[in-house]
Amino acid sequence: MPGRTLWSEHEAALLLCALLDVLDNKLDRKDTIQKVSQMLRTMAKNQGKVIDDAYRNEAGITFQMYGLEGVF
């Protein structure tokens, strides 16, 4: 899959909800990143998208989560 895929509003909302739970100490960050990655990858597959190993992987979710946290 060439290039980057822009985040949908739904994906961004899931990441935001996950981050808020991490910041409120309701969820462990590492576990949450893993779960969000799995969820977004499964969503893409269910939509018929062909994804590679880099698509919404844990490293990317970590990067996005810390970036979003910086907004706070």
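In this report, the structure presented in the accompanying data block is examined.

The rules behind the values
Residues numbered from 1 in each chain as written. Predicted model: local features only at pLDDT ≥ 70, side-chain atom pairs only at ≥ 80, totals over all residues. Heavy atoms only, no water. Helix = DSSP H or I, 4+ residues; strand = E, 2+ residues; numbered from the N terminus. Rg over C-alpha atoms; globule rule 2.2 N^0.38 Å. Axes fitted to C-alpha atoms, helices over the stretch in contact; angles between N-to-C directions. Parallel < 35°, antiparallel > 145°, perpendicular 65-115°, else oblique. Left-handed = near helix turned anticlockwise from the far one by under 90°. Contact = heavy atoms within 4.5 Å. Core = buried A, V, L, I, M, F, W, Y, C linked by side-chain atoms within 4.5 Å. Buried < 20%, exposed > 50% of the residue type's maximum accessible area, 1.4 Å probe, protein only.

What to know about the overall build of the protein chain
Here is step 1 of the chain: Tallying secondary structure elements over the protein chain gives three helices and zero strands in all.
Here is step 2 of the chain: In the protein chain, the succession of α and β elements from N to C terminus is α-α-α.
Here is step 3 of the chain: For 72 residues, the compact-globule estimate of 2.2 N^0.38 gives 11 Å, and the protein chain sits close to it at 12 Å.
Here is step 4 of the chain: In terms of principal-axis extent, the alpha carbons of the protein chain reach across some 35 × 20 × 20 Å.

Notes on the packing of helix α1 (residues 9-23) against helix α2 (residues 29-46)
Here is step 1 of the chain: Taken N-terminus to C-terminus, the directions of α1 and α2 make an angle of 165°; their axes are 10 Å apart at the nearest point. Classified by the interaxial angle, the pair formed by α1 and α2 is roughly antiparallel. Like other packed secondary-structure pairs, α1 and α2 cross with a definite hand, here right-handed. Listed contacts from α2 to H10, E11, L14, L15, A18, L19, V22 and L23 of α1 are R29, T32, V36, M39, L40 and M43.

Observations concerning the nonpolar core
Here is step 1 of the chain: In terms of nonpolar packing, the biggest core is built from eight residues, these being L15, A18, L19, I33, V36, L40, I61 and M65.
Here is step 2 of the chain: Of all the secondary structure elements, the ones that give two or more residues to this core are α1, α2 and α3 (58-71).
Here is step 3 of the chain: Among residues more than four places away in sequence, those in contact with L15 are W7, V36, I61, Q64, M65 and L68.

Some words on the environment of A12
Here is step 1 of the chain: The residue A12 is located in helix α1 in this model.
Here is step 2 of the chain: Among the residues examined, A12 registers a relative accessible area of 35% and is labelled partly exposed.
Here is step 3 of the chain: Expressed as a C-alpha distance, the spacing of A12 and L68, which sit 56 residues apart in the sequence, is 9.6 Å.

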